[in-house]
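Working through the structure, step by step
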Amino acid sequence: MSLKYLLSPEKSTRILHLFHKSSYALIPLGGLSYLSYTVQPFEKFPNGAAIPHDILYGVTAVNYGFHSLVSTSFIITDYIKQPLIRNVVRVINTKFHGIALVGYLHYLVKKYK
């Protein structure tokens with residue numbers, strides 16, 4: 001994947017295909033994550049392996065992060081007409097989404113170190 005598609009994911013048919021396919025999982029993953037968070041049925045495994053609900057949270061975070069990145073990119077394309085400003089906002093958008101996602105996944109992983 002080139003940098004062009006990372007900053008403008010709406011211009012790639014492959015990314016759009018993945019965006020539409022994974023949209024079917026948004027509500028079920030969000031609901032399962034919520035139920036898992038409120039019930040917390042799993043205990044930490046003795047060998048320190050990841051707990052199944054934390055894996056679910058990670059998958060949900062990646063899916064929501066991906067959809068947020070692509071959706072925000074559509075908004076940038078539609079509403080920011082100046083090319084220089086649009087490119088700056090795209091870089092900021094990608095960086096903020098990356099920082100948020102990596103931060104949340106780091107939070108999940110560091111519980112097991």
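Before any of the text, the structure's been laid out above.
**Overview of the side chain of histidine 97**
Checked against the element boundaries, histidine 97 lands in helix α5 (residues 83–110). Polar side-chain contacts of histidine 97 include one of 2.8 Å to the side chain of asparagine 93. Ignoring sequence-local partners within four residues, the contact set of histidine 97 consists of Gly65, Ser68, Leu69 and Thr72.

**Quick word on helix α3 (residues 26–39)**
With 14 residues, α3 extends 20 Å from end C-alpha to end C-alpha; this agrees with the ideal 20 Å at 1.5 Å per step. Taken together, the buried positions of α3 are occupied by Leu26, Leu29, Ser33 and Ser36. Seen along its axis, α3 keeps its buried residues to an arc of 105°; they face one direction. Across from the buried face of α3, at angles greater than 90 degrees, the exposed residues are Ile27, Tyr34 and Val39. The elements touched by buried residues of α3 are α2 (13–22) and α4 (52–79).

**Structural notes on the packing of aromatic side chains**
As enumerated under the stated definition, the model contains three aromatic pairs in all. Here phenylalanine 19 and phenylalanine 66 contribute two aromatic rings whose centre-to-centre distance is 6.3 Å and whose plane-to-plane angle is 65°, an arrangement assigned as edge-to-face. With a gap of 47 residues between them, phenylalanine 19 in helix α2 and phenylalanine 66 in helix α4 connect regions that are remote in the sequence. The interplanar angle of 35° and the centroid separation of 6.3 Å between the aromatic rings of tyrosine 104 and tyrosine 107 together place this pair among those described as tilted. In this pair, tyrosine 104 and tyrosine 107 both sit in helix α5, three residues apart, roughly one turn of the helix. Three or more aromatic residues joined by ring pairs form one cluster here, namely Phe19, Phe66 and Phe74.

**Things to note about the packing of α2 against α4**
The description of two packed helices rests on the angle between their axes and on the distance between the axes. At a minimum axis separation of 10 Å, α2 and α4 run at an interaxial angle of 125°. As the angle between them shows, α2 and α4 are arranged oblique. Between α2 and α4 lies a crossing whose hand is left-handed. On α4, the residues touching Ile15, Leu16, Leu18, Phe19 and Ser22 of α2 are Asn63, Phe66, His67, Val70, Ser71 and Phe74. Of the residues in the contact of α2 with α4, the class split is seven nonpolar, four polar and no charged.

The rules we used
Residues numbered from 1 in each chain as written. Predicted model: local features only at pLDDT ≥ 70, side-chain atom pairs only at ≥ 80, totals over all residues. Heavy atoms only, no water. Helix = DSSP H or I, 4+ residues; strand = E, 2+ residues; numbered from the N terminus. Polar contact = N/O pair within 3.5 Å; in protein donor to acceptor, adjacent residues only side chain to side chain. Contact = heavy atoms within 4.5 Å. Expected span 1.5 Å × (residues − 1). Buried < 20%, exposed > 50% of the residue type's maximum accessible area, 1.4 Å probe, protein only. Arc of directions from axis to C-beta. Phe/Tyr/Trp six-rings, centres within 6.5 Å; stacked < 30°, edge-to-face > 60°. Axes fitted to C-alpha atoms, helices over the stretch in contact; angles between N-to-C directions. Parallel < 35°, antiparallel > 145°, perpendicular 65-115°, else oblique. Left-handed = near helix turned anticlockwise from the far one by under 90°. Nonpolar A, V, L, I, M, F, W, Y, C, P; charged D, E, K, R; others polar.

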